[in-house]
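# Structure assessment
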Amino acid sequence: MNCRIALGVALLGGLLTGCGNNTEDLQSYIEQVKARPKGPIEPMPIIKPYETFAYTVTNLRDPFTSPVVPDESQTQTAGDGLKPDASRPKEALEEFPLDALRLVGSLERSGGKWSIVKAPDGAIYRVQPGNYLGQNNGKITHISDELIELTEIIEDGQGGWIERQASLALSEESAGEQKK
């Protein structure tokens, strides 16, 4: 054991002597670098002054207003009667945005036709004309094998409401599953 300790101390001592103050080569390199001729300093870059922009285009939409531009024939004021029915109980699929819902198929039985819709939470729902979908008061108006058509009632940005047509199409993923 003492032999090992003595050997370790000897190796450590040998390593430390290698780290002596022999820095002559470093000092000579520093002197060479200092002796080099000085190069020219590049001039400062010219900074262009900032050009301001005045928004003077009056025929374009103001960027700070609602992007919904109502069609005058569809616009209704708040007192004209077109507005969502606030007293109607909300259906389960109205808590999800329309683009988060997936049409996965359709059923037909005894003259009745239903569409099957999958919600983002994985739940499957059966809907038919008259049911509501999406967060914009979308009432289903027509169902086909590959499409659900609905009419949404949205705010026009001027205190009124307008109707907008929307649809939910059969997804490619679901169409591939049905063909199998």
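Let me sum up the structure you'll find in this document. Sequence order sets the numbering: in each chain, residues are counted from 1 along the sequence as written. Local features in a predicted model are, by the rule used here, given only for residues with pLDDT of at least 70; side-chain atom pairs are given and counted only at 80 or more, and totals for whole chains, interfaces and linings are based on all residues. The side-chain quantities take in all heavy atoms of the structure and omit both hydrogens and water.

Moving on: the sheet that holds strand β6 (residues 147–155). We treat two strands as partners when DSSP finds at least two bridges between them. Note on conventions: DSSP H or I runs of at least 4 residues are helices, E runs of at least 2 residues are strands, and numbering of each starts at the N terminus. Spatially, the four strands line up as an open sheet ordered β4-β5-β6-β7, and their pairing is antiparallel. Single-partner strands in this sheet number two, and they are β4 (132–133) and β7 (161–169). Two strands pair when backbone bridges link them, and strand β5 (residues 138–143) and β6 are joined in this way by four bridges, in the antiparallel orientation. Within the sheet, the bridge partner assigned to I140 lies in β6 and is L150.

Another aspect to go through is the side chain of T151. If you trace the backbone, T151 turns up in strand β6. In this scheme, a residue with accessible area under 20% of its type's maximum is buried, one over 50% is exposed, and one in between is partly exposed, where area comes from a 1.4 Å probe on protein chains only. Residue class for T151 comes out buried when judged on its relative accessible area of 13%. At 3.2 Å, the side chain of T151 forms a polar contact with the side chain of Q165. Residue contacts for T151: discarding those within four places in its chain leaves N137, G138, K139, T141, E163, R164 and Q165. Identification of polar contacts relies on pairs of N or O atoms within 3.5 Å, with a donor-acceptor requirement for protein atoms, meaning one able to donate a hydrogen and the other able to accept it, and with residues adjacent in sequence counted only if both atoms are side-chain atoms. Contacts were defined at the residue level, with two residues in contact if any of their heavy atoms lie within 4.5 Å.

Here we take up unusual backbone geometry. Of note in the backbone geometry, N137 takes a positive phi value of approximately 55 degrees without being a glycine. Relative to the elements of secondary structure, N137 occurs in the loop between β4 and β5. Judged by relative accessible area, N137 falls into the buried class, the value being 13%.

Quick look at the packing of aromatic side chains now. Between 30 and 60 degrees the pair is tilted, below 30 it is stacked and above 60 it is edge-to-face, where a pair is any two Phe, Tyr or Trp rings, Trp via its six-membered ring, whose centres lie within 6.5 Å. This structure, assessed with the given rule, holds zero aromatic pairs. For a ring to carry a charge above it, either NZ of a lysine or CZ of an arginine must fall within 6 Å of the ring centroid while also lying within 35 degrees of the normal to the ring plane. Above the face of the Y132 ring, R88 is positioned so that its terminal group lies 3.5 Å from the ring centre. The ring of W114 has R126 lying over it, and the distance from NZ or CZ to the ring centre is 4.7 Å.

Nine residue types can take part in a nonpolar core, namely buried Ala, Val, Leu, Ile, Met, Phe, Trp, Tyr and Cys, and a core is a set of them joined through side-chain atoms within 4.5 Å. Core analysis: the biggest nonpolar cluster contains 16 residues, and L93, L101, V117, V127, L133, I148 and L168 have the highest contact counts within it. Looking at this core, the elements that each hand over two or more residues are β5, β6 and β7. For L168, the residues in contact, after removing those within four places along its chain, are L98, L101, R102, L103, V117, L133, E146, L147 and I148.

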